[in-house]
Amino acid sequence: MGFTRRTALVALTALGIAGPALAGPQIDQPAPDFQATDASDRVRALADDRGRIVVLEWTSDACPYSHKHYDSGNMQRLQAKARRQGVVWFTVMTAPRTSAEYMTPPEVRAWKRKVGSHATAVLIDSDGRLARAYEAKTTPHMFVIDRDGRLVYMGGIDDRPFTDPKSLKGADNYVADALADLEAHRPIAHPVTRPYGCSVKYPPLS
Amino acid sequence: MMRWLAAMLAALAFCGAARAQAVDTGHLTAELVSQTQGIAPGQTVYVALRQKIQDGWHTYWRNAGDSGEATTLAWTLPAGWKAGAFVWPTPRRLPVGPLVNYGYEGEVLLPVPVIAAADARPGQTAVLTAKASFLVCKEICVPEDARLQIALPVTAAPAPPDPTWAAPIAKALAAAPRSAALTAAFARRGQAVALGIVGGPLKGADVRDAYFYPYDSTVIDHAKPQGLDRGPAGLTLTLVPGYAFQGGAQPKALAGVLAIDGKAYELTAAPGPLPAGAGGLGPPLPKAALGGSLSLLPAALFAFLGGLILNLMPCVFPVLAMKAASLAAHGGREQAQARRHGLAFGAGVLAAFLALAAALIALKAAGAAVGWGFQLQSPPVVAVLALLMTAVALNLSGVFEVGTSLQGAGSSLAARGGLAGDVFTGVLAVVVAAPCTAPFMGAAVGWALTQPPAAALAVFLALGLGFAAPFVAVTFVPGLLARLPRPGPWMEVFRRVLAFPMYAAAAWLVWVLTIQAGEAALARILAAAIVLAFAAWLLGLEQRRQAVAADGRRGALGLLGVALVAVATVAVISPPYGQGAARAQAAPRADLAGSSYSPEKLAALRADGKPVFVNYTAAWCVSCQVNDLVVLSTRPVAQAMKRDGFTYLKADWTRRDPAIAAELARFGRAGVPLYLVYGAGGAQPVILPAILTQGVVIHALDAGAAKAG
């Protein structure tokens, strides 16, 4: 009995040590670097895009919140405008291969054509490493990285945490704001907002 | 006529009760249900949005957590009617991978107060319409809507309760978080945010599962565990800050629900210093690690084992050896007699244990922080025990006799002392056993004292049975009795030898008394002991005179002796003792530089992530003293402490100390010793066994230090 009690305590102690909060992404700090494979099997690294503004957009074709932005064309318009400014736009799909949400590279390419995405590439994050590095919580969850590789915005795409497409009308798009602030060399008005949407589907840790 | 017809139809349709239609939205069934069968003009009744959610799916609380969206209800009401906001039941934490959402599964009622228009006309039926919007999620999320209606008859007087829904809605309202007299504040602590909460409802609450559900989804990281530090007046939660704290920013308030001990309270914390008494006592232990996880049967079994082992403890052994010697005197000749004496001894043991248990339970109920060995925290008790030990030792030395002596033991058991003597031996054995805590006993007694009296008594009874078992067994098994050595002249020598452990026990109790009550007490107890010894000699003189004269008349010497015993006893009981230098006992021995324990000191060391060894001990605890001497104050242990960077804290329970009693209780103990090894990095402590070895301690120290890396 004494033994099991001690074992339990030791186990708990180990958990307690393993549990301290990892430093997540921090505003005005270097954005977590990553290497990920896109839908065309090309490896994309954040470091390769130093000198350019990078936007990360988490999405899921199974999520009504992402659908609100794609079905209405809102996301594609934002992507197109950003790309015209020279922004690198990575759409990220985090889902383990075993999940119903997972799409194979050909499926992702077909999806990209179908929705008319203007993203630079769609990154397939089936092992969840990218999501863990950025602590991505929702689809959509948006991150803006400046030319020096610093994280300048993270959070929701706008201030309307609803699925109803009508909620887009008059929404304050935080990503558009952040990109405009960067262009104008202004401080970012809302560097951190609450992300909203469906939960990112993390693969279980092996 | 038309109006009459409409009223008639309404009455038929609604049968005088509230009516609503449930809507299946795909992954849940939703409907509006009412607490009452109707509503009077101007009255407020609760209407609840009932969700019956498909297995595995969930909907969300007002703060959905890391993802998701709260359920909403948009009313369309007749003119003059009003509806309030949801009374949100306390949500559940719903982990989704590394994320955590707050929401509901299964069936949930979200009550809403509805106020009827003051000019609503009794006899009419009000149709209340609402559009409910849910985000229902499992792996995927589906937004679902339902257009819901409830028809409430307007009644002249408040309507009777709804037979189906009145009770569930009342239950939901009663269980909902309520406002309470809690004072709360929050402050940055390094990377974390500390939320300190104090107030009446927290006193005595089981804080183990305390959790703060914020209303705002940006103030904390929902998925991170909430660290818990208990305080005398409340608790402090260590939260991982959310987006609202990014870049040195800070929200104006932390508002939300504190779920604790099956209840929930609303609170709003302002930034600022934490309220006094919100922390410092360390985290509570998980249930599984506590004596509280025992149930009656194993606790009784441990108690029985502990009682068995107690026989071998240094404070008990001389008394029992003496008793066994008297049995040996009889060989196996008088079985029936031997049995009777064994049972009498057992009865004495049980009676003493039950009396002790009853006293403990009564004192506990009266709110005193007491535990096993508590009586030894009182200087008069220690002094009287010291005199008792002295008297027993003098008796063994042959200065005087009780009843007849071992010399006469060769004759017949019945001729000696009688059964009362055996009962007395049993009681004496328990009295002198109190300073010893045997292995297994600590957890069992600790558990017993947190249970209802019946269970506690059962555990003490098991302890007594275990304690009495070896002796009683000897009297019942002819084989064992026959194996005891044959009586002879050696017995007189044996008896004289056994006197010396008893003198040692008396000397030790004098030492305990000095620590408790200072040097003045030393003079007092020594004087009393000399008077007692003189009285014993007088009694012995009288006994020898009577043995020669055989006139059976009590002589003056005997009376004087008895009077002097009374004087000595009274002298050590009254007047009250002063304060001793109990803390001085913590002075380091040889290699072990230690310092005295305080909850604040422990909390501070742990907050710095330093490894700590805490020794809960008492001067009157023999097992503690043995462990101190044989293990803790040895060079290898001291070196291991130094090498592993441990701070050694000595929590001295020689005198009453509620803070130490509380700590012992937290670990499910009612007495000392208790050895805790807090590893580096603020981890939960490891409990060492009651009987230490150098290997066990050094291994635990090394393991505790290793965790830092």
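Residues numbered from 1 in each chain as written. Chains lettered and ligands numbered in written order. Predicted model: local features only at pLDDT ≥ 70, side-chain atom pairs only at ≥ 80, totals over all residues.

## Points about the overall build of chain A
The number of helices and strands found in chain A is 6 helices and 9 strands. Across the 206 residues in chain A, those meeting the buried criterion constitute 44%. When contacts within chain A are restricted to residue pairs at least 6 apart in sequence, long-range pairs at least 24 apart make up 75% of them. (Helix = DSSP H or I, 4+ residues; strand = E, 2+ residues; numbered from the N terminus. Buried ≥ 20, exposed ≤ 12 C-beta atoms within 10 Å, placed from the backbone. Contact = placed C-beta atoms within 7 Å.)

## Quick notes on the overall build of chain B
Per the secondary structure count, chain B includes 18 helices and 25 strands. Counting every position in chain B, which comprises 709 residues, the buried fraction comes to 47%. Taking contacts inside chain B between residues at least 6 apart in sequence as the whole, the part at least 24 apart equals 79%.

## Quick notes on the nonpolar core
All names here are of chain B. By size, the foremost hydrophobic cluster in this structure holds 119 residues, and its most contacted members are Ala303, Ala386, Ala444, Val459, Leu509 and Leu513. For this core, the leading source of residues is helix 6 (residues 379-396), giving 11 residues. Taken domain by domain, this core gets at least three of its residues from each of domain 3 (295-573) and domain 4 (583-706). One finds Leu73, Val154, Leu202 and Leu239 within the second-largest nonpolar core, a separate group that totals 80 residues. (Core = buried A, V, L, I, M, F, W, Y, C linked by C-beta atoms within 7 Å. Domains from an automatic or database assignment.)

## Details of the sheet that holds strand 22 (residues 612-617) of chain B
Residues and elements named next belong to chain B. If you trace the 5 strands from one edge of the open sheet to the other, you get 21-23-22-24-25, paired in mixed fashion. Here the strands that pair on one side only, and so sit at the sheet edges, are strand 21 (595-596) and strand 25 (686-688). As defined by bridge partners, strand 22 adjoins strand 23 (residues 647-652) across 6 bridges and the pair is classed as parallel. The partner of Val612 across the bridge, within strand 23, is Thr647. (Pairing = 2+ DSSP bridges.)

## Some words on the sheet that holds strand 4 (residues 88-94) of chain A
Residues and elements named next belong to chain A. Reading across the sheet, the 5 strands line up as 5-4-3-7-8 and stay open at both edges, with mixed pairing between neighbours. Taken across any chain shown, the strands that pair with only one partner, and hence form the sheet edges, are strand 5 (121-125) and strand 8 (151-155). Averaged over all pairs of adjacent strands, the angle between their axes in this sheet comes to 20°, without regard to strand direction. Sheet strands touched by helix 6 (residues 174-183): strand 3 (54-58), strand 7 (142-145) and strand 8. Its angle to strand 8, the strand with the most contacts, is close to 170°. (Axes fitted to C-alpha atoms, helices over the stretch in contact; angles between N-to-C directions.)

## Considering the environment of Leu457(B)
Turning to its location among the elements, Leu457(B) is positioned in helix 9 (residues 453-476). Beyond its immediate chain neighbours, meaning those up to four positions away, Leu457(B) contacts Leu354(B) and Ala357(B).

## Observations regarding helix 6 of chain A
Residues and elements named next belong to chain A. Among the residues of helix 6, those classed as buried are Tyr174, Val175, Ala178, Leu179 and Leu182. In a view along the axis of helix 6, the buried residues occupy a sector of 135°, so they form one face of it. On its buried side, helix 6 packs onto strand 3, helix 3 (74-84), strand 7 and strand 8. One or two positions beyond helix 6, positive phi appears at His185, with a value near 55°. (Arc of directions from axis to C-beta.)

## Quick look at the pairing of strand 15 (residues 192-199) of chain B
In terms of strand pairing, strand 14 (residues 182-189) of chain B meets strand 15 of chain B through 8 bridges, oriented antiparallel. Looking at strand 15 of chain B, one finds that Thr183(B) is bridged to Val198(B).

## Some points on the pairing of strand 23 of chain B
Every regular strand shows the same layout, with side chains that alternate between the two sheet faces. All names here are of chain B. Summarising burial for strand 23: 5 of the 6 residues are buried, a large majority. The pairing of strand 21 with strand 23 spans 2 bridges and is parallel. From the neighbouring strand, Ser596 faces strand 23, where its bridge partner is Lys650.

## Looking at the packing of helix 3 (residues 296-310) of chain B against helix 8 (residues 441-448) of chain B
Residues and elements named next belong to chain B. At a minimum axis separation of 8 Å, helix 3 and helix 8 run at an interaxial angle of 130°. Accordingly, the angle class assigned to the pair helix 3 and helix 8 is oblique. The handedness of the crossing between helix 3 and helix 8 comes out as left-handed. In this structure, helix 3 contributes Ala299, Phe302, Ala303, Gly306 and Leu310 to the contact, and helix 8 contributes Met441, Ala443, Ala444, Trp447 and Ala448. Considered class by class, the residues forming the contact of helix 3 with helix 8 number 9 nonpolar, 1 polar and no charged. (Parallel < 35°, antiparallel > 145°, perpendicular 65-115°, else oblique. Left-handed = near helix turned anticlockwise from the far one by under 90°. Nonpolar A, V, L, I, M, F, W, Y, C, P; charged D, E, K, R; others polar.)

## Structural notes on helix 17 (residues 658-666) of chain B
Residue and element names in this part refer to chain B. Those residues of helix 17 that sit buried are Ile660, Ala661, Glu663 and Leu664. The buried residues of helix 17 all sit within an arc of 160° when viewed along its axis, so they share a single face. Just past helix 17, the residue Gly668 takes up positive phi, approximately 75°.

## Focus on the packing of helix 6 of chain B against helix 11 (residues 490-517) of chain B
All names here are of chain B. Between helix 6 and helix 11, the least distance of the axes is 8 Å, while the angle of their chain directions is 165°. The pairing of helix 6 with helix 11 is recorded here as roughly antiparallel in orientation. For the pair helix 6 and helix 11, the sense of crossing is left-handed. When its residues are assigned to classes, the contact of helix 6 with helix 11 shows 20 nonpolar, 2 polar and 2 charged.

## Digging into the confidence of the model for chain A
Per-residue confidence for chain A gives a mean pLDDT of 86, with 88% of residues at or over 70. With pLDDT under 50 throughout, residues 1-22 of chain A is counted as low confidence; its partners more than four residues away or in other chains account for 28 contacts. (pLDDT = per-residue confidence, 0-100.)

## Description of the environment of Ala146(B)
Residue and element names in this part refer to chain B. The topology assignment puts Ala146 in strand 12 (residues 141-153). By C-beta crowding, Ala146 is classed as buried, having 23 other C-beta atoms within 10 Å. Look past the residues within four positions of Ala146 in its chain and what remains in contact with it is Val23, Thr25, Ala30 and Ala132.

## Here's the deal with unusual backbone geometry
Residue and element names in this part refer to chain A. In this structure, the amide linkage connecting Thr139 to the following residue, Pro140, adopts the cis form with an omega of 0°. Considering the arrangement of structural elements, one finds Pro140 in the loop between strand 6 (138-139) and strand 7. Even without being a glycine, Asp28 presents a positive backbone phi close to 70°. We note that Asp41 has phi near 70°; this positive angle belongs to a residue other than glycine. In this structure, Asp41 sits in the loop between strand 1 (35-37) and strand 2 (43-45). For Asp41, a count of 8 C-beta atoms within 10 Å puts it in the exposed group.

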